[in-house]
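Understanding the architecture of this molecule
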Amino acid sequence: MARTKLDLPCAACRLLHRKCNRQCLLAPYFPAEEPDKFARVHKVFGASNVIKMLQAVKEGMNKEDAIKSMVYEAHARLQDPIYGCAGIILYLQKCVEDLQAQLRTVQQQVLDSQLQRHQLLSVLTMDANQEVNNPVLPVVPYTK
């Protein structure tokens, strides 16, 4: 007889070799289908610390968000043990600064182009006004 989804222990209980019951605090957040999710969190924080952090989440606050944050931080710590999420944040801040510098350069180029256009238009309109006020008569060759 095949086991039903309800009979499977959650990923946390499976990794910790514990019996999983309906009161399991970690079961809603670490389903059996996602064993790597808890394995990463456990490796970085430890199971008891995950439970303590989850219990520290106040009523009315979203425990799902706390778990997502732990999973993200654990993944980042495994990728970059020194900086973790801070390394990603620093990298993204640097990207924003570079893009802001590029934006300032392009904005200056646009202003320069608008100034050149304005100057060119004023020269052209000045020439047109002079032609109206002082029309140039066509030169007709003199013949005898």
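Taking an unreviewed UniProt entry as the reference, the chain is identified by name as LOB domain-containing protein 1-like belonging to Canna indica. UniProt, in its Sequence similarities (unreviewed entry) section for the chain, records the words "Belongs to the LOB domain-containing protein family."

Comments concerning the packing of helix α2 (residues 35-45) against helix α3 (residues 47-56)
Put simply, α2 and α3 touch, their axes get as near as 7 Å, and they point 95 degrees apart. With respect to α3, the element α2 is oriented roughly perpendicular. Judged by residue contacts, F38, V41, H42 and F45 of α2 engage A47, N49, V50 and M53 from α3.

Re the packing of aromatic side chains
Under the criterion given, the structure shown has one aromatic pair. Seen from their ring centres, F30 and F38 are 5.0 Å apart, and the 70 degrees between their planes marks the pair as edge-to-face. On the accessibility criterion, F30 (0% relative accessible area) is buried.

Brief notes about the environment of P31
Within the fold, P31 resides in the loop between α1 (11-16) and α2. By relative accessible area, which is 22% here, P31 ends up partly exposed. Taking C-alpha positions, P31 is 9.8 Å from C13, a pair spaced 18 residues apart along the chain.

What about the environment of E64?
Here E64 is to be found in helix α4 (residues 63-79). The exposure class assigned to E64 is partly exposed, which follows from its relative accessible area of 27%.

What about the nonpolar core?
Core analysis: the largest hydrophobic core is formed by 20 residues, its most contacted members being L26, F30, F38, V41, V50 and I67. Of all the elements in the fold, those that place two or more residues in this core are α1, α2, α3 and α4. With five residues, the single largest contributor to this core is α4. Sequence-distant contacts of F30, defined by excluding residues within four places in its chain, comprise C10, A11, A12, K37, F38, V41, V50, I67 and V71.

Comments concerning α2
Every buried residue of α2 is listed here: K37, F38 and V41. Burial along α2 is one-sided: seen end-on, the buried residues are contained in an arc of 85 degrees. Across α2 from its buried face, at more than 90 degrees, point the exposed residues D36 and K43. Considering only its buried residues, α2 is in contact with α1, α3 and α4. Positive phi appears at G46, one or two residues downstream of α2, with a value of about 90 degrees.

Some remarks on the side chain of E73
Among the secondary structure elements, E73 is positioned in helix α4. The class for E73 is buried, based on a relative accessible area of 19%. What E73 contacts, discounting residues up to four positions off in sequence, is F45, G84 and C85.

About the criteria used
Residues numbered from 1 in each chain as written. Predicted model: local features only at pLDDT ≥ 70, side-chain atom pairs only at ≥ 80, totals over all residues. Heavy atoms only, no water. UniProt positions renumbered as here; feature names shortened; annotations may be inferred. Axes fitted to C-alpha atoms, helices over the stretch in contact; angles between N-to-C directions. Helix = DSSP H or I, 4+ residues; strand = E, 2+ residues; numbered from the N terminus. Parallel < 35°, antiparallel > 145°, perpendicular 65-115°, else oblique. Contact = heavy atoms within 4.5 Å. Phe/Tyr/Trp six-rings, centres within 6.5 Å; stacked < 30°, edge-to-face > 60°. Buried < 20%, exposed > 50% of the residue type's maximum accessible area, 1.4 Å probe, protein only. Core = buried A, V, L, I, M, F, W, Y, C linked by side-chain atoms within 4.5 Å. Arc of directions from axis to C-beta.

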